[in-house]
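Breakdown of the fold
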Amino acid sequence: MLLRVCKGTNIYSSLKMEDTIEGAGASIVSHAAELETQGMDAVGKTDEEAELPVALQDLIQRLQGKAWPVERLPNLTDPKYGDFFTRHASPSTDMEWRNQVRLRVLEAIGSCNTLRYLNLRDHFDRWEYSFTAGELEIVLRGVQSSTVLEGVYLDNLESRSAAEVERLCLLIGQILETSSTLDRLLLRRWRLTARGFSHLASGLQANSQSNLQFLFLEDLWEDASVVKHVAEVVNCAPRLENLMLGGVDMIDDDAVQTLSQALIRSSSLNRFQLVDAKGGASALLLKAFAGDSRNKSIETLHLTFVSGLDDCLPAILSSNRSLRAVYLDRMLMGPQQWQVIGQVIRDTALAATIHVRLEWKECTREWHEGVEELVCAASSDVKDPIIHFDTHNQIHAPEGVYIYMDVDEVTLPYKLLHHALTGKVKSLRSLQLQFPSPSNQLLHLKSFILALGNGETSTLKELYLFYLKGNLLPGVWKHLFECLRENTSLTHLALNFCEGLDEEAFKDLMGLLQVNLTLQSIGVEGSSWEKDGKEALIQEALRQNKKRAAYVSVFRDAKLKFGDAKAGRLFLCGSPKAGKTQLRQTLKRIIQGKSWLGNKLDELWRTKGIEVELLRNDDKMQVAIWDLAGQWIFRTLQNVLFPQRNNFCVFLFVYSPFHEDTCSIKPDYSFKTELEDWLRFIASSTQVTGHNLPQVLVVLSHKDKMTSSSLTWAHSIVEELKKDFANLVDLCPSQKCFHVDARKKKQVIPLKNHIFEIFENLLSEKSPRVPHLCFQLSSLLVTNTKENRSCPLWSSTKFHEFCAPSLKEIIPSFSLQSVDHSRILKSIISYLNDVGSIIYIPNNDYIIVDPNWLTNVFLGDLIALGQQFQTQKSESSDKTMSLDLYSSKDGFVSESVFVGLLEDFLGKKPRFQNVDREVLQNILINLDLCFKLGSGEEISRYFIPSFIREHASMQEQEHQDGANIESMSWNSKHENSQFVGIRIQCKDERRMSLTAAFFPRFQIFMRHKLISEMHVCKETVTCSRHYLRVFLDGHEIYLEHIQSEKSHNHVDVLMLCSKHKSREVAVKYVMKHIVEELTSFCASPKGCPGVALVLGVIQTQCVQMMIPSRLRGVILIENLKSNFLSSLKEQLEEIALDTSHLVKEEMLLNYEHSWPPIPGYSLSAFERAKDLLSESDVEAVVNEIQQQRIQQLESLQEGLSSVNNDLAQSDSESEKGVGTLSLAQIKKWRPASTSRLSRASSTVENRSTRLVLSKLDQLGEKVDGLDDRLRAVESIMQRVEMKMGQILSLQHELQSTLIAFMLSVDRCIGYSESLQQARTPKRPYITVDDVGSLSRITAALRFGRAVRLHLMCESVTGIHIVKYQEGLELRLDQENRGWLGNISEISCKFVYYVVKAGLHVTLGLGQALPEFGNLETAVPLSAASVALESISRDDCVALTKGEESMTLNEAWLQMRQALAPQLENNYSKIFKLYQVKYVHLEGSGYAWVCEQCMTRGLRTRILTCC
């Protein structure tokens, strides 16, 4: 329905108030109805009708109940509703029509039966709109019958008639009398009489069911005596909880007495607010809220701009026991008064919290001193008073100090802060600092940050920093985070919208979180950390710290003695047979001082899983060495048992330059491949990265076999990877690479010393302090493990018994009885588990006191048994089971096979004789190494992909990828099937990967969610080693992840869409239920925290044909969108500007992505981007290009205005030239389709720029109108088509405006019609040869200097510099100095206007103008001078005040003469330009363009070659 309101007579000219309210109402209503009828009759009979804004039409429809309901009125002054309700209409507004529209809307408001809040108040105190008494009367009469109205807010009544105001009060009283839902009433800026108040009170008195709870009366008082009538209203409101009186002058003693008694009697009053009160305010407050006869229910007292209180506040604060909070808002008092209040707060105040709000920009120094006195006086060592400050213009955060720094007076905020942080003030809890500009930030910031380090006395809990430009304050973040390391009071830190939060700052923050367990939340909204994924890492670190803080707090409560941390782990990693185990044995011999008693090197057992030994255990440190097996089959185990938080870890990467089997030398790239693979594993498995990055040392072994000692090749690789993996791991410099024979102690000793130097630095400087008790117990456990070879699997009871003697010895005897030993033991277990001294299995209450028993003896051997992994060179002789018994393609085995595997294992391990098989099974399940499916059913299955081989033989394994694809096939494929493929991959593919444990965990998590929460039939969910298949909502979906040494960084989601649903619906479904679930799981603790994921689309035919994962065509969605966007831009630039070459909107969306060929498959090489992307992604691309075009038009409009203003200041001669051609040319260029965008104009200006600017304004109106219509369109593609039509219109307008702009610029630079007819190039510029930069077009021009004259391409689609243009070389002399200087001036002017119009980027001039950063703010250029900030003074003189005073026109002639004899037809060689004629430009359609623009123009037929 299209709603129109017809212009007619002014309804308010004939409205007359009758003597009675009834008569007035009847007159208004009847006349309104009559006018409405007249208006409806006028529709179709007159041409004088105007369409209402779409938003206003929509609002009226909703108010009438014809669309979704309205509960709250919007801000009617919003531009989308027009200017019908703004306070002041524009001079051109038709007031009769405006009044009719207002009446129509107000009637709809009054008749709305869903309106809960009638809000006709001033928004943000800006006096935005006001209403006449007659208008408000229409609304109030309409809402009288409402059964849902809860609030009435009326503001800015434009009436000086007491009778009108009284009639409105009578209507409000009638609403109060009949309504049982109205609970709040606000009246502001009226002039109420005693009779008006009586009407309100009468309505309340007559309604025993009145629910009025909030009453706000401000600026209503006709005279001082009227105040006492407020008492009548208060007395008649039995449920009144919140009363606000504003603008009160209480000089009438009777009024004060009457009102105070009403306040005392109000037993429901909870909050009283007094604003801008004068006179008897002190007497009123004392009578009502102080003393024995005071009001007993008040809890909150809010005073704003109240003067003359004297001793009133101290009396209230010290005597009123019901007060919970007092707000002192901009109270002007002297320092002594503030000090007295502070003393009362400290000594006798009963209110829990005092809120003080200040306006710093309005404060005097006396006010500042007074507030400082208040804060200091309120501080107490005994009591805990809380004072909150708000010093911003709005009460943004009432629970804290908010200091707005963009003011001249900043001393007081920093004084208060310093007092709070040094303990002088103990009542400050929260502080907010905003830094909108850098000018005043530096004044006290340094002392402020230094004060933060005093954590012993500070009571500050929350610190919020906004807009701090850390990039302007070098080292500010490092200093801040260092100061917070010892702070134990701050729990909340916000760095919202701050700048300079780079990688180094992130390291410092994560280093802070290693030692500071007090911080509970850190906000980084609006910063770079929020965008690049670091926020997730920060939150994960805080989550881990929360767990750690829990047990540390227990230690502190028990008053245990703390010291520096001692526990650390050294990880050995590298390829199989690199010499890791030999190096570990040699390190042990060095430290323990023992001789080599082991087997020969060739008889060493190969590491299974992880071998754990204590390398050093003394008073300085306890360093355990974890030797990681190099085989891929153990990678899942290593990932599961990897440190779960960023504790201090040192990695020793050991590399053998020789092949494992042949002993031949490996190629150099093998070193890079292996090191890169382990760095990727470390970066992906370490859950939180930061300041304490994992340290990685590089050791090359087998030095004895090397013929050359040079490591230059290795050093270059290490340096390259050190840069590549910066901020993820700390790879030691290449100079510290070690080349050793792992058997020789002498060669290994320097390595040992370096390792312990690293640990000493990490443990003493960068580790949180921990109890000595933990060190003692860790040492005792090591001794016990060596002496007692029994099973180290303990219950918590046994562990308690072991620790009891140490607890009794260390905990002071006086607190022995009060300490909860069970809590201490739990905390000890948590700490020792975190540092790797023990391994705790929480769900089964198992404690493994010898980690090697779990990582190597149990899990390592079990995996070796299941995978048929031989730990010696010789084959095992006791192989009693067939090779294929422990193999499974899908990773599942039956319960009997699983039990057989465990029984086989237990039979070979004497240390497991007393261990029950179910205990081992539970350990495996709790570590996510085994998943039991089918519990409670007849047949149970076990999913153990990491324990058993996929293939029974190596021959079968060679075809692993193909075998997997054979097991994946589409069950419900038909002729018209639609397929979707989405790849979820690591954003940083080179440095990060999905861990080996990730996909099995996700499979089981997703299976449980589908069956338990989404109630999917379990028969439709299939888990396999490399994929998860599920049938959901009619779709068949595969999630595939090939886990191997070469492929582990992505998961493919393959989907056969339901035949009953569209592709778009299917994509939305899989994104919500599959993709989002996987990405969320990846960020969880059991996923891969810190590994950022991105989405790509898979070639559709690859999905349909189930082509192997490694061969599938994939492109990232963001890259495809970028290519799509570039294609759209190119097509828009090629659009013909005349009506004979119309382009359909849908043709622009036909960009096709080119897929690379896949060997062995015959597939389509192209696929449309809109078929690969979701509709929302397509719309996002269209929105982006739409916004770009709109911004370009706005910039061009500004440039057009600028050049027009400069032309107006020029001499009359400057208005000659091309000006007479502009309008005709633009008319020729404007296509017919764009003319439909605008309404016809009554007159036509002769100036081309005026015409174009007018068209732009009209186009802007249509853009807004289209946006309104788009909101009502539900189909995304329909919206896209509508927007594409708009983009085409914008493109035509952009091109037309660009032509008008260039024509106006031509006038400014003196390019005349005669020059155009002579086909003279119009875009020259000069460069200096010895400078060698295109940007130096303003270099000083001196005699004898070689310069080059260049010409730009003059294409109508965009002027641009021609790459690799040779140009014409000239030697500066007396004859050409003058005109060359003027040509420089011409080029400067042109560049200035281009930059002013924002075209230096869109026209390809951005790279050529690096020195013109200030052009946009430079003063406008006149026709005779150049004023550029980036040009030196000498250059300006040379350009504007040359010795030869030549006109610009003469300069053009001189340039043409200089070019003519030398060039003739040689433009293509020297300037790479070609002369063309634009076929639809009359007279001046010639131009010099580059080869690319000429080819494009010929293809689109907008030009011909000359």
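Anyway, here's the lowdown on the structure attached to this text.

Each value, and the rule that gives it
- Residues numbered from 1 in each chain as written.
- Predicted model: local features only at pLDDT ≥ 70, side-chain atom pairs only at ≥ 80, totals over all residues.
- Heavy atoms only, no water.
- Axes fitted to C-alpha atoms, helices over the stretch in contact; angles between N-to-C directions.
- Helix = DSSP H or I, 4+ residues; strand = E, 2+ residues; numbered from the N terminus.
- Parallel < 35°, antiparallel > 145°, perpendicular 65-115°, else oblique.
- Left-handed = near helix turned anticlockwise from the far one by under 90°.
- Contact = heavy atoms within 4.5 Å.
- Nonpolar A, V, L, I, M, F, W, Y, C, P; charged D, E, K, R; others polar.
- Pairing = 2+ DSSP bridges.
- Buried < 20%, exposed > 50% of the residue type's maximum accessible area, 1.4 Å probe, protein only.

Our next topic: the packing of helix α28 (residues 895–907) against helix α29 (residues 917–926). Packing of α28 against α29 brings their axes to within 11 Å, and their N-to-C directions diverge by 115 degrees. With respect to α29, the element α28 is oriented roughly perpendicular. Regarding α28 and α29, the two cross each other, and that crossing is right-handed. Between α28 and α29, the residues in contact are Phe-898, Val-899, Leu-902, Glu-903, Phe-905 and Leu-906 and Arg-917, Leu-920, Gln-921 and Leu-924, respectively. For the contact of α28 with α29, the residue count by class is seven nonpolar, one polar and two charged.

The strand order β31-β33-β32 describes an open sheet built from three strands, whose pairing is antiparallel. Looking at strand neighbours, the two that pair on one side only are β31 (793–795) and β32 (839–841), the edges of this open sheet. For this sheet, the mean angle separating the axes of adjacent strands, direction not counted, is 30 degrees. The sheet contact formed by β31 and strand β33 (residues 846–848) spans three bridges and is antiparallel. Bridge pairing in β33 links Leu-793 to Ile-848. Here helix α25 (residues 796–810) sits on the sheet and contacts β31 and β33; the angle it forms with β31, its principal contact strand, is near 85 degrees. Those strands touched by helix α27 (residues 851–866) are β31, β32 and β33, and its axis lies near 80 degrees from that of β32.

Take the pairing of strand β39 (residues 1027–1032) next. Of all six residues that make up β39, five are buried, and the element is covered over most of its length. Bridge count for strand β38 (residues 1021–1023) against β39 is three bridges, and the pairing is antiparallel. Note that in β39 the partner of Val-1021 across the bridge is Val-1030. The loop that links β38 with its antiparallel partner β39 comprises three residues. As judged from the six bridges shared by β39 and strand β40 (residues 1035–1040), these two strands associate in the antiparallel manner. Counterpart to Leu-1028 in the pairing with β40 is Leu-1039. Where β39 hands over to β40, the hairpin turn is made up of two residues, of which Asp-1033 adopts a positive phi near 50 degrees.

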